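Given next are the chains, with one letter for each unit.
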Amino acid sequence: MKTYLIRSVKYFCALCVLCAILMAAMLATGTSQLTAEETLHLLFHSDRFVLLGAAIVVLSATYPRFGFVRRRVEGDLVRHRTQIETAFRQAGLRLVSATDDELRFRGDGFVRRASLLFEDEVRVTQYGQWIEIDGIRRVVVRVAYRLEGYVETLQRNEK
């Protein structure tokens with residue numbers, strides 16, 4: 001529950017910053033018909049602020065529920081380690097720790113980590129005959145798809 005709350009607060013802050021950047025960009029480029037003072041007055045003294053605030057709160061409260069997933073790819077953690085590391089490297093993540101039954105990856109560099117809101121840790125474990133990948137959705141889905149292809153290619157070449 002603590003992790004869920006932390007992720008919600010991070011996403012709330014990111015959405016607020018995004019809204020501020022969009023408003024600043026509109027004012028800087030002249031696409032806004034109002035001045036900065038008029039924009040702020042209208043935003044805080046109208047239903048727009050309530051609606052925008054409610055949308056940001058709802059999105060940030062639901063983000064941890066649909067933003068993080070667990071996917072399984074048929075394979076072996078030890079046997080397919082090279083393919084796993086290659087798939088993660090191509091997704092912009094690097095190996096930060098490894099044990100016999102778990103690999104942990106993080107974003108490779110500050111920009112990559114920041115783009116993932118510092119929720120960039122992805123765990124890879126063995127679950128029966130499956131390699132289980134657990135973490136942020138946009139990384140996990142791409143890596144699982146890529147890894148599936150690598151494993152299938154390796155198995156075809158071994159026959």
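One can find the structure itself at the top, above this paragraph.
Since the model is a prediction, treat every value here as computed from it, not as a measurement.

## Observations concerning the side chain of Glu132
Then step 1. One can find Glu132 in strand β5 (residues 130-136).
Then step 2. Its relative accessible area of 9% is what places Glu132 among the buried residues.
Then step 3. Not counting the four nearest positions on each side in its chain, Glu132 is found in contact with Arg70, Arg71, Arg72, Arg123, Val124, Thr125 and Tyr127.

## Quick word on the nonpolar core
Then step 1. Ranked by size, the top nonpolar core spans 24 residues in total, and within it Ile84, Phe88, Val124, Ile133 and Leu147 carry the most contacts.
Then step 2. At the level of secondary structure, the elements contributing two or more residues to this core comprise β1 (68-74), α4 (81-90), β3 (102-107), β4 (122-127), β5 and α6 (137-158).
Then step 3. Other than its neighbours up to four places away in sequence, Phe88 contacts Leu93, Phe105, Val122, Val124, Ile133 and Val143.

## Looking at the pattern of salt bridges
Then step 1. Summed over all chains, the structure comprises 11 salt bridges.
Then step 2. A salt bridge links Glu102 to Arg123; its shortest N-O distance comes to 2.6 Å. Here Glu102 is found in strand β3, whereas its partner Arg123 is found in strand β4, with 21 residues between them in sequence.
Then step 3. Here Glu102 falls in the buried class, since its relative accessible area comes to 16%.
Then step 4. Note on Arg123: relative accessible area 28%, which makes it partly exposed.
Then step 5. Among the ionic pairs, Glu121 bridges to Arg106, the shortest N-O distance being 3.7 Å. In this pair, Glu121 sits in the loop between α5 (110-115) and β4 while Arg106 sits in strand β3, placing the two residues 15 residues apart along the sequence.
Then step 6. Residues joined in a network through salt bridges with shared partners are Glu102, Arg104, Arg106, Arg113, Asp120, Glu121 and Arg123.

## Observations concerning a nonpolar patch on the surface
Then step 1. On the surface, a cluster of nonpolar side chains totalling about 390 Å² of accessible area is made up of Leu40, Phe44, Phe49 and Val50.
Then step 2. Elements represented by at least two residues in the nonpolar patch include exactly α2 (36-44) and α3 (47-67).
Then step 3. Mapped onto the elements, Phe44 comes out in helix α2.
Then step 4. Phe44 gets classed as partly exposed once you look at its relative accessible area, which sits at 48%.

About the cut-offs
- Residues numbered from 1 in each chain as written.
- Predicted model: local features only at pLDDT ≥ 70, side-chain atom pairs only at ≥ 80, totals over all residues.
- Heavy atoms only, no water.
- Helix = DSSP H or I, 4+ residues; strand = E, 2+ residues; numbered from the N terminus.
- Buried < 20%, exposed > 50% of the residue type's maximum accessible area, 1.4 Å probe, protein only.
- Contact = heavy atoms within 4.5 Å.
- Core = buried A, V, L, I, M, F, W, Y, C linked by side-chain atoms within 4.5 Å.
- Salt bridge = Lys/Arg side-chain N within 4 Å of Asp/Glu carboxyl O.
- Patch = residues over 30% accessible without salt bridge, like charges linked within 9 Å, V, L, I, M, F, W, Y side chains within 5 Å.
- Areas by Shrake-Rupley, 256 points an atom, 1.4 Å probe, with all protein chains shown as cover.

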